[in-house]
Amino acid sequence: MEEPLIERMRVYGETIFAEMTRLAVETESVNLGQGFPDTDGPRSLLENASRHILEGVNQYPPGPGRPELRRAVSRYRSRHYGLDFDPDSEVYVTVGATAGIAASLLSLVERGDEVIVFEPMYDSYAAMISLAGGERRPVALRRDPESGRFTFDPAELRAAVTPRTRLVMVNTPHNPTGTVFTSAELEEIAAVCREHDLIAVTDEVYEFLTFDDRRHVPLASLPGMRERTLSISSVGKMFAVTAWKTGWVTGPEPLVRAVRTVNQFLTFSANGALQLAIADAIEGEGEWIEAQRLSLQGKRDRLAEGLGDAGFDVNVCEGTYFLMADIRPLGYRDGEDLARALPAAAGVAAVPAKVFYDHQDEGRHLLRFAFCKKDEVLDEAVARLRRWHRDAG
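The rules behind these values
Residue positions are counted from 1 within each chain, in the order its sequence is given. Totals for whole chains, interfaces and linings use all residues, but because this is a predicted model, local features are given only for residues with pLDDT of at least 70 and pairs of side-chain atoms are given and counted only at 80 or more. Hydrogens and water molecules were not included; the side-chain quantities draw on all heavy atoms of the structure. UniProt positions are given in the numbering used here, feature names are shortened, and annotations may be inferred rather than shown by experiment. Working definition: helices are DSSP H or I runs of at least four residues, strands are E runs of at least two. Numbering for both runs from the N terminus. The buried label applies to any residue whose accessible area, calculated with a 1.4 Å probe on protein chains only, is under 20% of its type's maximum; exposed applies above 50%, and partly exposed to all values in between. Contacts were defined at the residue level, with two residues in contact if any of their heavy atoms lie within 4.5 Å. Here a strand pair is declared whenever DSSP counts at least two bridges between the two strands. Only the contacting stretch of a helix is used when fitting its axis, a line to C-alpha atoms as for every element, and angles between N-to-C directions run 0 to 180 degrees. We define a nonpolar core as any set of buried Ala, Val, Leu, Ile, Met, Phe, Trp, Tyr and Cys residues linked to one another through side-chain atoms lying within 4.5 Å. What counts as a domain boundary in this text is fixed by an automatic or database domain assignment. A pair of Phe, Tyr and Trp rings is counted when the ring centres sit within 6.5 Å of each other, with Trp represented by its six-membered ring. The angle between the planes then sorts it: under 30 degrees is stacked, over 60 is edge-to-face, the rest tilted. Multiplying 1.5 Å by the residue count of a helix minus one yields the expected span of that helix. Computed with a 1.4 Å rolling probe, the buried area is the accessible surface lost when two parts are put together, summed over both parts. When the sulfur atoms of two cysteines come within 2.5 Å, that pair is taken as a disulfide. Put simply, angles under 35 degrees are roughly parallel, angles over 145 are roughly antiparallel, angles from 65 to 115 are roughly perpendicular, and the rest are oblique.

In the annotation of an unreviewed UniProt entry, the protein chain is listed under the name Pyridoxal phosphate-dependent aminotransferase and assigned to Nocardiopsis alba. Comment text from UniProt for the protein chain, heading Cofactor (unreviewed entry), reads "pyridoxal 5'-phosphate".

(A) Structural context of the environment of Asn-48. Note on placement: Asn-48 falls in helix H2 (residues 43-54). Overall, the relative accessible area of 17% leaves Asn-48 in the buried class. Spatially, the C-alpha atom of Asn-48 lies 5.2 Å from that of Ala-277, the residues being 229 residues apart in sequence. In contact with Asn-48, other than residues within four places in its own chain, are Ala-277 and Asp-280.

(B) Spatial organisation of the sheet that holds strand S8 (residues 199-203). Within the open sheet, the seven strands sit side by side as S2-S10-S9-S8-S7-S3-S4. Their pairing is mixed. At either end of the open sheet lies a strand with only one pairing partner, and these are strand S2 (91-94) and strand S4 (135-140). The mean angle between the axes of side-by-side strands here comes to 20°, regardless of whether they run parallel or antiparallel. Across four bridges, strand S3 (residues 114-119) lies against strand S7 (residues 165-171) in parallel orientation.

(C) Expanded view of the side chain of Arg-70. Counting through the fold element by element, Arg-70 comes out in helix H3 (residues 67-81). The contact partners of Arg-70, leaving out residues within four places of it in the chain, are Pro-64, Gly-65, Pro-87, Asp-88, Val-91 and Val-93.

(D) Main features of the sheet that holds strand S14 (residues 351-352). With respect to topology, four strands assemble into an open sheet ordered S11-S12-S15-S14, the strand pairing being antiparallel. This sheet does not close on itself; its edge strands, each paired only once, are strand S11 (313-314) and S14. Pairing of strand S12 (residues 322-326) with strand S15 (residues 366-370), which is carried by five bridges, proceeds in the antiparallel orientation. From the neighbouring strand, Leu-323 faces S15, where its bridge partner is Phe-369.

(E) Spatial organisation of the UniProt feature "domain: Aminotransferase class I/classII large" (unreviewed entry) in the protein chain. Under the local residue numbering, the UniProt record ascribes the feature "domain: Aminotransferase class I/classII large" (unreviewed entry) to residues 29-385. Within residues 29-385, the helical portion is 41% and the strand portion 17%, while the C-alpha atoms at the span's ends are 11 Å from each other.

(F) Structural view of the nonpolar core. In terms of nonpolar packing, the biggest core is built from 95 residues, with Phe-118, Ile-189, Phe-312 and Phe-369 touching the most fellow members. Formed jointly, this core draws a minimum of three residues from each of two domains, domain 1 (7-41 + 287-392) and domain 2 (43-285). Not counting residues within four places of it along the chain, the set of residues in contact with Phe-312 comprises Leu-307, Ala-325, Asp-326, Ile-327, Leu-330, Leu-367, Phe-369 and Trp-388. The next biggest cluster of nonpolar side chains, apart from the first, holds 27 residues, and it includes Val-93, Phe-208, Val-241 and Ala-281.

(G) The packing of aromatic side chains, seen in detail. Throughout the structure, instances matching the rule amount to 17 aromatic pairs. When the centroid spacing of 5.6 Å and the interplanar angle of 70° are considered together, the rings of Phe-118 and Phe-181 count as edge-to-face. Taken together, the residues span a long stretch of sequence, with Phe-118 in strand S3 and Phe-181 in the loop between S7 and helix H7 (183-196) at a distance of 63 residues. Neither residue differs from the other here; Phe-118 and Phe-181 are each classed as buried. Both rings, one in Phe-239 and one in Trp-288, keep their centres 5.9 Å apart while their planes meet at 45°; by these two values the pair is tilted. Residue Phe-239 is found in the loop between helix H8 (235-238) and strand S10 (247-250), and its partner Trp-288 is found in helix H11 (residues 286-309); the two are separated by 49 residues along the sequence.

(H) Region of interest: helix H4 (residues 96-108). End to end, H4 covers 19 Å across 13 residues, agreeing with the expected 18 Å (1.5 Å per residue, within 8%). For H4, the tally of buried residues reaches ten of 13 residues, placing the bulk of the element in the interior. Within H4 the residues assigned to the buried category are Gly-96, Ala-97, Ala-99, Gly-100, Ile-101, Ala-102, Ala-103, Ser-104, Leu-105 and Leu-108.

(I) Representation of the pairing of S2 within the structure. Residues of S2 alternate between two faces, with Val-91 and Val-93 on one and Tyr-92 and Thr-94 on the opposite face, all of them buried. Alignment of S2 against S10, held across four bridges, turns out to be antiparallel. Bridge assignment links Val-93 to a residue of S10, and that residue is Trp-248.

(J) Seen up close, the domain arrangement of the protein chain. According to the domain assignment, the protein chain consists of domain 1 (7-41 + 287-392) and domain 2 (43-285). A C-alpha centroid distance of 24 Å is found between domain 1 and domain 2. Between domain 1 and domain 2, the contact holds 38 residues from the first and 46 residues from the second. A combined buried area of about 3,800 Å² lies between domain 1 and domain 2, and 54% of that area is made up of carbon and sulfur atoms.

(K) Main features of the state of the cysteines. Enumeration over the complete set of coordinates arrives at zero disulfides. As a non-bridged cysteine, Cys-317 has Cys-372 as the owner of its nearest cysteine sulfur, 11 Å distant. Judged by relative accessible area, which is 4%, Cys-317 ranks as buried.

(L) View of the packing of H11 against helix H13 (residues 375-392). One way to put it is that H11 packs onto H13 with a least axis distance of 9 Å and a crossing angle of 10°. By the criterion of interaxial angle, the relationship of H11 to H13 is roughly parallel. Between H11, through Lys-299, Arg-302, Leu-303, Gly-306, Leu-307 and Asp-309, and H13, the contact on the second element is made entirely by Asp-375, Leu-378, Asp-379, Val-382, Leu-385, Arg-386 and His-389.

Right, dumping it as structure tokens:
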């Protein structure tokens, strides 16, 4: 039998996260590859979810999401960013941010349309653009030699626009570079969208995980952008419950309606009991969110220092769960080769950054390490990497 998979998806096999996790298990390595915490979210969130399940909230919720969660999302977007969305028509609940991204791209991208993406990019963007029949126009984020953070060249962004460009995909805080786009950077993106009548789809799942007093600024809050932006976030990173797969899309009614039209035939609805618990936590667990942010900032510093001691050149991380580290000071050139060797050689698993690029040479020298782990796990990983570096030297 011939390959049954449609041609445009044949380049997508097993994800790098699954491969690195498998290698970590096989070698009993410390897994700093996949970005999930090893601690639970707030106790009230977990107890409320259990209570709602036991009380019988176990059937289909409304397709757009429980009204309690839609109202809670609407209120927090207004409270934090001054963005007001009608919870009945401009807030839509999805099975995690991944489903929100999928439904957004499938509903807005026609075959042959071009989508501007910033690379490195989270892997689902590329797959969903391909599935929609669109084409990617990558704009590279590169390390600024003065600040150490990743940013883009506005001229390259403008050069990426063609008559076939349909939308811009924006992720901030950015996985995997850790960049939090500044207001000036976002204005460059907004200006391109306004001038060329483009839609923006924003992935903001790390919106509450910014460090060193940086503030997340939604693209939709800039002049002329609310009416052309779909914003996506989720509970997974907000409350460290990545398996709950409950997210939301906010935006103007016509764009949200497009997402709803597609998503009703993909996942239809997300778990209703979890939605109720999340709604309560959004309203009542602000202190927990802030404590998580500060804890992760400390973990970032802990791992960054350790990676530096082990010979890596660590890039500036302004938010998210991840550090990007340059392997060239260690004498290596290809991050994929090193990532596959590290579990057996050092007992630590990381992810090669080049898999997040269309132009892989841009990220060939980088590894991504997750720091959203217990301190003792990070310390063990650092100790192993230091021994490996010492023995190799």
